[in-house]
Structure formats: C-alpha cells, structure tokens
Protein chains: 2
Amino acid sequence: MDVRFLSLNQITTNGWSVQQAVDGCARAGIPWIGLWRHKVAESGLIESARMVREAGLRVSGLCRGGMFPAGTKVERAARIDDNRRAIDEAAELGTDVLVLVCGPAENCTLDDARSMVEEGIEQLIPYAAERGVKLGIEPLHPVFAADRSVISTLGQANDIVERLGSRQVGVVIDIYHVWWDPKLYEEISRSAGHIFGFHVNDWLAPVENAMMSRGMMGDGCVENARIRRAVEAAGYRGPIEVEIFNQKIWDSAYDEILVQMKQRFELEV
Amino acid sequence: MDVRFLSLNQITTNGWSVQQAVDGCARAGIPWIGLWRHKVAESGLIESARMVREAGLRVSGLCRGGMFPAGTKVERAARIDDNRRAIDEAAELGTDVLVLVCGPAENCTLDDARSMVEEGIEQLIPYAAERGVKLGIEPLHPVFAADRSVISTLGQANDIVERLGSRQVGVVIDIYHVWWDPKLYEEISRSAGHIFGFHVNDWLAPVENAMMSRGMMGDGCVENARIRRAVEAAGYRGPIEVEIFNQKIWDSAYDEILVQMKQRFELEV
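Predicted, not measured: the structure shown is a model, and the values here were computed from it.

A.B. asks: So, the relation of the copies chain B and chain A: which residues are in play, and what are the values?
C.D. replies: When chain B is fitted to chain A, the best match, at an RMSD of 0.0 Å, comes from turning it 180 degrees and sliding it 0.0 Å along the axis. These values place the two chain copies in the arrangement generated by a two-fold rotation axis. Comparing interface residues between copies, 100% of those in chain B also sit at the interface in chain A, which points to an isologous, same-surface contact.

Structural data, given as structure tokens:
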C-alpha cells in the first residue's frame with residue numbers, strides 16, 4: 001500500500017515520547033501519526049499539537065476513549081466526563097477520530113456492560129458532534145472480553161452503529177482483533193460508510209501473551225492485503241495505522257523499525 | 001446442576017493415567033468420564049475400555065478427532081484415516097461422541113483450511129454412521145485460530161452442521177471457548193437437536209497463557225448456570241464435562257480437586 005496512507009500508531013514505538021515519535025516519522029517520511037492520551041498528557045496537550053503541526057504530520061486518531069461499564073451511576077458518569085475530555089483532546093490535536101476501547105464488565109453482568117457501552121456512546125453523540133469528532137468503536141479480540149472490551153466482533157460494533165444511527169458513530173477495524181472472524185468480509189462490507197480507522201499488523205503464533213503477540217505485517221498468518229482491499233472496497237480512504245505491541249520491537253532501534261515498517265507496508269498491505 | 005450429569009474430562013487431572021482417573025471418579029462418585037486418545041493409547045484401548053466398565057463409569061466423549069487442514073492431498077488423506085481410527089476408539093470405549101478439534105491452516109489459506117475441515121468431516125460421515133459414532137465440532141476460542149482451530153464460533157459450527165445435513169454431525173459447546181460471543185444464546189438455540197457435548201469451567205482474567213487460563217466454575221466471570229440452562233432449553237440432556245487446563249490444578253491433590261469440582265458443579269452450574 002502507498003506510504004502516503006501510512007500512520008505510525010505511537011504505541012508501536014512505546015519508548016518514544018510524542019516529540020521523539022513525531023521526529024522519527026519526519027525522518028522516515030511517514031506522514032501520519034496515531035497518538036495515545038497518556039503520551040500526549042506526558043508532553044502536554046497544546047505542546048503535542050504544536051509538535052505535530054511543526055513537523056508537518058497529521059494525526060490519524062487518538063487512543064482512547066471508552067471504558068464505559070462500571071458498577072455505579074456515579075462512576076459511569078465520571079467515565080462519560082472523561083470521554084468528553086478525550087473528545088476535546090482529539091479536537092485540539094487536529095484529528096476527527098476518537099478510538100473507543102469500550103471496557104470490560106466491571107461489577108456488573110456481561111449483558112449490562114454491553115448496554116452501558118451503547119448508552120455511554122449515545123450520551124456522547126451531541127458533544128462529539130459539537131466538537132467535530134467521530135467516535136470509532138474498536139471491537140477487541142475475544143481474548144480481551146473479560147478485561148478490556150465486551151465488544152468483541154465487528155458485527156457487534158456494526159449492530160451498535162446501526163441502532164444509534166448517528167454520523168458521529170462508526171468503527172475502527174484493527175486486523176489483530178478481527179482477522180479470525182468467519183464473518184469478517186461480510187462485516188467489512190456492512191461497515192461501509194462508517195469506517196473511521198484501520199489498523200494493520202500481524203498475528204504471531206503460538207500466542208504467549210495475547211497483549212504482546214502482535215507482529216510486523218508479513219511475519220504472521222494474516223492476509224493483510226486482502227483485508228485492506230476489502231476495507232478499501234467498503235469505501236475507506238483514510239490513513240492506515242501500524243499498531244504493534246511487541247517487546248522485541250519495543251526494545252529495538254526505532255529508526256530501523258520505521259524503515260522496516262515502510263517496506264512491509266508497501267509490500268504486505 | 002445434578003451430579004448425575006457430571007463428567008470428569010481427564011485433562012483436568014492431567015497427571016493421572018486412565019486407571020487413576022477412573023478410580024478417582026469412582027471414589028468421588030462422579031458417574032462419567034471424558035477420555036483423551038493419547039491417555040487411552042498409553043494404557044491400551046481394550047484395557048481402558050475394561051477399566052471404565054469395571055468401575056461402572058460411562059464415557060461422555062473421546063477427545064479428539066479433527067486436525068483436517070494440511071498442505072497436500074496425501075497428508076489430508078492420512079488425517080482422515082486417523083479420524084477413522086479415532087471413531088473406532090470411541091466405539092470401543094462405549095461412547096458415541098468423538099470431539100472434533102478441527103485444526104489450524106497448515107500450508108494453506110484460512111479459507112482453504114475451512115473448506116478442508118468441512119470436506120474432511122463430510123468424508124467421515126459414512127464410517128461414523130457405520131460405527132454408531134457422532135462427530136461433535138468443537139469451535140475453539142478465536143485466540144487459537146492460528147494454531148489449533150479455524151472453526152472459531154458456534155455459529156460457524158452450526159453453519160457447517162446445516163450444510164452437511166447429517167445426523168452424525170453436531171456440535172460440542174465448551175464454555176471457555178464461547179462465553180464471550182455476543183450471539184451465544186442465539187447460536188445455542190440454533191444448535192438444538194445437534195448438541196453432542198457440553199463442557200463447563202471458567203475464564204480467569206487477565207489471561208496470561210490462553211491455553212492454561214481455565215479455572216473451576218465460580219472462579220471467573222462466566223455465567224455457567226445461565227449458559228447451562230440455555231443448553232438445556234435447546235434440548236441437551238447428556239453429560240456435562242468439566243474440562244480445565246490449569247497448572248495450579250494440575251499440581252494439586254486430585255481427590256480434593258474432584259470434591260471441589262462436585263461442589264462447584266452443584267452450586268455454579
């Protein structure tokens with residue numbers, strides 16, 4: 001895939017600060033960057049926005065809002081407030097995509113947690129519209145259903161998008177989370193018109209630690225190019241983030257990682 | 001749930017031989033046992049069948065057939081032959097259920113692997129019918145999609161059952177593999193009439209090693225009783241296996257584990 005679409009999701013270069021990641025992208029000729037709230041907070045929101053602008057980069061999205069389910073109304077309201085702050089941060093950083101990692105069941109049942117996710121997103125719609133930020137539900141791999149997200153499939157995310165019926169709500173498709181789904185291509189088609197983000201990487205087997213077993217495109221069993229073509233056929237023309245949690249990569253020389261990333265993006269995606 | 005339905009899947013007491021597992025069940029008053037081919041082979045097929053009979057136990061199922069996808073016709077044919085042997089073993093052991101763990105993509109694409117699974121099962125139907133053994137497709141958790149099974153959801157298994165349209169082909173529902181599925185209860189309903197096995201346990205989070213993170217019913221986040229009621233409502237009246245891969249349990253005193261298992265089965269399932 002053309003590197004004009006390539007975005008570095010900064011978790012891939014986890015040891016770098018926002019400034020270092022921005023500079024690394026500029027050196028490597030990577031035009032987009034996906035930022036994380038905790039990294040942005042470390043550098044300062046206004047400063048991070050400035051760093052990105054001065055380097056001539058664009059922000060593909062902000063990770064992450066979400067985490068909706070909680071055991072009390074007070075706590076759930078606090079989560080909604082935090083999401084509004086995340087919306088503000090996205091707007092300040094010049095991106096119109098807030099990635100939603102919806103959260104696990106916390107002191108509640110699985111069904112209730114799923115309802116809380118949908119209700120939470122619905123509550124955010126007016127403010128998101130006001131700030132010009134779109135909410136991208138990122139279904140997470142079912143291995144994370146008990147600790148990170150009760151939204152586990154693209155179909156489930158699409159169902160929520162349909163029910164809420166708002167232009168502010170769509171999906172973020174991350175290959176690591178969805179590649180295994182027997183209904184993947186059907187659901188990518190169903191996502192047409194509301195795909196707000198697309199992340200590529202690879203699945204390394206056997207999985208030792210599911211959080212940290214992502215690989216560089218081409219190092220695993222995933223059909224990256226085929227999935228990318230399907231996402232494109234569904235109308236997505238936005239940036240494509242490379243998002244990899246992998247200790248070997250985290251311990252490597254990041255400039256070399258970025259060079260490899262560009263090569264693999266061109267070859268494998 | 002009534003312990004008359006309780007079956008010890010022998011992988012839970014992994015350090016025991018068939019004889020030890022059979023004797024343990026007899027001591028604990030557990031009426032059923034789920035056997036594994038490699039354990040049965042260690043003790044001898046005829047001997048294992050005798051041990052079970054003499055202890056007055058019944059075999060709920062044999063793990064496992066499957067492993068269909070392979071890169072060459074010759075290898076695929078060899079897998080089918082091995083499945084026929086597994087069918088013979090099930091019949092000799094007095095169970096009418098062979099559990100199918102369908103296998104990963106091996107030197108082939110994901111789509112082709114899935115086709116090979118369906119074709120492989122179809123090829124086994126006549127022999128299974130002849131020997132009076134039913135083939136239970138066990139969808140595995142998507143975390144195992146790259147290394148153990150390209151059949152990842154109950155819906156996908158039900159689709160195969162529908163297409164093959166044979167009384168010899170059904171599903172085995174293992175809670176660990178399916179609890180997270182947003183379509184779980186729909187698909188349990190759709191399984192009515194062809195549920196050949198039901199396994200209970202729990203999901204321990206956070207997952208460190210997905211193979212070894214199963215727990216005893218009640219120790220995790222799964223709604224065991226609710227799922228059991230759904231499986232019952234779908235018409236299943238057979239034995240319910242407790243299948244747990246867990247190093248702490250494997251290292252424990254198995255007689256105590258069986259006592260706890262019975263208590264948890266009555267309380268949690």
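A.B. asks: Describe in detail the UniProt feature "domain: Xylose isomerase-like TIM barrel" (unreviewed entry) in chain A, supporting the description with residues and values.
C.D. replies: Here, the residues flagged by UniProt with the feature "domain: Xylose isomerase-like TIM barrel" (unreviewed entry) are residues 25–254 of chain A. Split by type, residues 25–254 of chain A is 44% helix and 18% strand. Its first and last C-alpha atoms lie 10 Å apart.

A.B. asks: Please give an account of helix H3 (residues 45–54) of chain B that cites residues and values.
C.D. replies: A turn of α-helix holds 3.6 residues, and therefore any two residues three or four places apart point the same way. Residues and elements named next belong to chain B. When we look at burial in H3, the residues that qualify are Ser48, Ala49, Met51 and Val52. Here the buried residues of H3 occupy an arc of 160 degrees about the axis, which is enough to place them on one side. Away from its buried face by more than 90 degrees, H3 exposes Arg53 and Glu54. Summarising the contacts, the buried residues of H3 are in contact with helix H1 (18–28), strand S2 (32–36), helix H2 (37–43), strand S3 (58–66) and helix H4 (73–92). In the segment just after H3, Gly56 is the residue with positive phi, at about 75 degrees.

A.B. asks: Requested: an account of the interface of chain B and chain A, with residues and values cited.
C.D. replies: Contact residues are listed per partner, giving 28 residues for chain B and 28 residues for chain A. Of the roughly 2100 Å² buried where chain B meets chain A, counting both sides, 61% is carbon and sulfur surface. Among the residues chain B hides against chain A, the three largest losses belong to Val143, Trp180 and Pro182 of chain B. Together they make up 22% of the total. Of the charged contacts in the structure, one is a salt bridge between Arg226 of chain B and Asp111 of chain A, with a shortest N-O distance of 2.9 Å. Our count for the contact surface shared by chain B and chain A stands at four residue pairs in polar contact (both at pLDDT 80 or more). At the level of elements, helix H5 (110–131) and helix H6 (154–164) of chain B are the ones that each hand at least two residues to the side of chain B that touches chain A. Considering each element in turn, the side of chain B that touches chain A owes the most residues, three residues, to H5 of chain B. In the side of chain B that touches chain A, the residues fall into 13 nonpolar, six polar and nine charged.

A.B. asks: Give a detailed account of the environment of Val143 of chain B, specifying residues and quantitative values.
C.D. replies: All names here are of chain B. In this fold, Val143 is placed in the loop between strand S5 (134–137) and H6. Relative accessible area serves as the criterion here: at 2%, Val143 is assigned to the buried category. It is 16 Å that separates the C-alpha atoms of Val143 and Arg114, two residues lying 29 residues apart in sequence.

A.B. asks: Please give an account of the packing of H4 of chain B against H5 of chain B that cites residues and values.
C.D. replies: Residue and element names in this part refer to chain B. Where H4 contacts H5, the axes come no closer than 10 Å and their chain directions differ by 35 degrees. Crossing handedness for the pair H4 and H5: right-handed. Taking contact as the criterion, the partners of Arg76, Ile80, Asn83, Arg84, Ile87, Asp88 and Ala91 in H4 are, on H5, Met116, Gly120, Gln123, Leu124, Tyr127, Ala128 and Arg131.

A.B. asks: Please give an account of the environment of Glu89 of chain B that cites residues and values.
C.D. replies: Residues and elements named next belong to chain B. Here Glu89 lies in helix H4. We classify Glu89 as buried; its relative accessible area is 17%. Taking the C-alpha atoms as reference, Glu89 lies 31 Å from Arg264; in sequence the two are 175 residues apart.

A.B. asks: Tell me what's going on with the environment of His194 of chain A, and back it up with residues and numbers.
C.D. replies: All names here are of chain A. Position of His194 relative to the elements: it lies in the loop between helix H8 (184–190) and strand S7 (195–200). Sequence-wise, His194 and Pro206 are 12 residues apart; in three dimensions their C-alpha atoms are separated by 33 Å. Among all residues touching His194, those that are not within four sequence positions of it are Asn158, Val161, Val169, Gly170 and Val171.

A.B. asks: How would you sum up the packing of aromatic side chains? Please name residues and give values.
C.D. replies: Residues and elements named next belong to chain A. By the definition in use, this model includes 11 aromatic pairs over all chains. For the pair Trp36 and Phe245, a centre-to-centre distance of 6.1 Å together with 80 degrees between the ring planes defines the contact as edge-to-face. With Trp36 in strand S2 (residues 32–36) and Phe245 in the loop between strand S10 (240–242) and helix H10 (247–250), this pair connects stretches of sequence that are 209 residues apart. This pair shows no difference in class: Trp36 is buried, exactly as Phe245 is. Here a set of aromatic residues connected by ring pairs shows up, and it is made of Trp36, Phe245 and Trp250. Here the guanidinium or amino end of Lys134 rests over the ring plane of Phe196, the centre of that ring lying 4.5 Å away.

A.B. asks: Describe the pairing of S5 of chain B, and please don't skip the residues or the numbers.
C.D. replies: All names here are of chain B. For strand S4 (residues 97–101) and S5, the ladder comprises four bridges, and the chain directions are parallel. Bridge pairing in S5 places Leu100 opposite Ile137. Chirality of the crossover, the property in question, places the unit of S4, H5 and S5 among those that are right-handed. Here three bridges tie S5 to strand S6 (residues 169–174), and the two strands are oriented parallel to one another. Looking at S6, one finds that Leu135 is bridged to Val169. What joins S5 to S6 is H6, and the crossover it makes is right-handed.

Calculation rules
- Residues numbered from 1 in each chain as written.
- Chains lettered and ligands numbered in written order.
- Predicted model: local features only at pLDDT ≥ 70, side-chain atom pairs only at ≥ 80, totals over all residues.
- Heavy atoms only, no water.
- Least-squares fit on C-alpha atoms with pLDDT ≥ 70 in both.
- Contact = heavy atoms within 4.5 Å.
- UniProt positions renumbered as here; feature names shortened; annotations may be inferred.
- Helix = DSSP H or I, 4+ residues; strand = E, 2+ residues; numbered from the N terminus.
- Buried < 20%, exposed > 50% of the residue type's maximum accessible area, 1.4 Å probe, protein only.
- Arc of directions from axis to C-beta.
- Buried area = accessible area lost by both parts, 1.4 Å probe.
- Salt bridge = Lys/Arg side-chain N within 4 Å of Asp/Glu carboxyl O.
- Polar contact = N/O pair within 3.5 Å; in protein donor to acceptor, adjacent residues only side chain to side chain.
- Nonpolar A, V, L, I, M, F, W, Y, C, P; charged D, E, K, R; others polar.
- Axes fitted to C-alpha atoms, helices over the stretch in contact; angles between N-to-C directions.
- Left-handed = near helix turned anticlockwise from the far one by under 90°.
- Phe/Tyr/Trp six-rings, centres within 6.5 Å; stacked < 30°, edge-to-face > 60°.
- Lys NZ or Arg CZ within 6 Å of the ring centre and 35° of its normal.
- Pairing = 2+ DSSP bridges.
- Right-handed = clockwise from strand over helix to strand, strands pointing away.

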